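Each chain is listed here by its residues.
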Amino acid sequence: VQVVESGGGLVQAGGSLMVSCAASGGAFSNYGMGWYRQAPGKEREFVAAINWSGGSTSYADSVKGRFTISRSNAGNTVYLQMNSLKPEDTAIYYCNAAGSYYGGTYYPSAYWGQGTPVTVSS
């Protein structure tokens, strides 16, 4: 199983960035997928998740209305479109694959990517 994030980088406050996550080696299209982030000196926190079909999504309050999660038709790639970025969005963004998604809550699996850094300058 491989989970690989890409697309991180440096962006100015108010700008946009899309990060992607490709999962392989399993039947990921049958499961939910999620994004988490970890800022320096802080705990890893939930950002967004999507169910197996892409028909249901959930977001942390801090990103609601600014970030959009989506997944490919094949189901093994998930995207996080980040708009109106703020300096407090600076973090390593991690993808989790093959998690469980029930009633708007995402339960992560053991399958994590290595993370992609996002830096938002003020």
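Quick note: structure is the one above.
Since this is a predicted model, take the numbers as computed values, not measurements.

Caption draft 1: Spatial organisation of the nonpolar core. With 29 residues, the main nonpolar core has Trp35, Leu80, Met82 and Tyr93 as its most contacted residues. Elements with a minimum of two residues in this core: strand S3 (17-24), strand S4 (32-38), strand S5 (45-50), strand S7 (67-71), strand S8 (77-82), strand S9 (91-102) and strand S12 (116-121). For this core, the leading source of residues is S9, giving 5 residues. If near-sequence neighbours (up to four positions away) are discounted, methionine 82 is found in contact with Gly15, Ser16, Leu17, Val19, Arg66, Phe67, Tyr93 and Val118.

Caption draft 2: Quick look at the state of the cysteines. One pass over the structure, following the stated rule, counts 1 disulfide. Residue pairing for cysteine 21: its cysteine sulfur links by disulfide to cysteine 95, the two sulfurs lying 2.1 Å apart. The sign of the -75° torsion about the S-S bond sets the cysteine 21-cysteine 95 disulfide as left-handed. One end of the pair, cysteine 21, is in strand S3; the other, cysteine 95, is in strand S9, and 74 residues separate them in sequence. The same class applies to cysteine 21 as to cysteine 95, namely buried.

Caption draft 3: Main features of the sheet that holds S3. What the 4 strands build is an open sheet, ordered S1-S3-S8-S7; its pairing is antiparallel. Each having just a single partner strand, strand S1 (2-6) and S7 make up the two edges of the open sheet. Each adjacent strand pair in this sheet contributes to an overall mean axis angle of 15°, direction not counted. Where S3 and S8 come together, 6 bridges link them in antiparallel fashion. Directly across from methionine 18, in S8, lies its bridge partner glutamine 81.

Parameters and conventions
- Residues numbered from 1 in each chain as written.
- Predicted model: local features only at pLDDT ≥ 70, side-chain atom pairs only at ≥ 80, totals over all residues.
- Heavy atoms only, no water.
- Core = buried A, V, L, I, M, F, W, Y, C linked by side-chain atoms within 4.5 Å.
- Buried < 20%, exposed > 50% of the residue type's maximum accessible area, 1.4 Å probe, protein only.
- Helix = DSSP H or I, 4+ residues; strand = E, 2+ residues; numbered from the N terminus.
- Contact = heavy atoms within 4.5 Å.
- Disulfide = S-S within 2.5 Å.
- Pairing = 2+ DSSP bridges.
- Axes fitted to C-alpha atoms, helices over the stretch in contact; angles between N-to-C directions.

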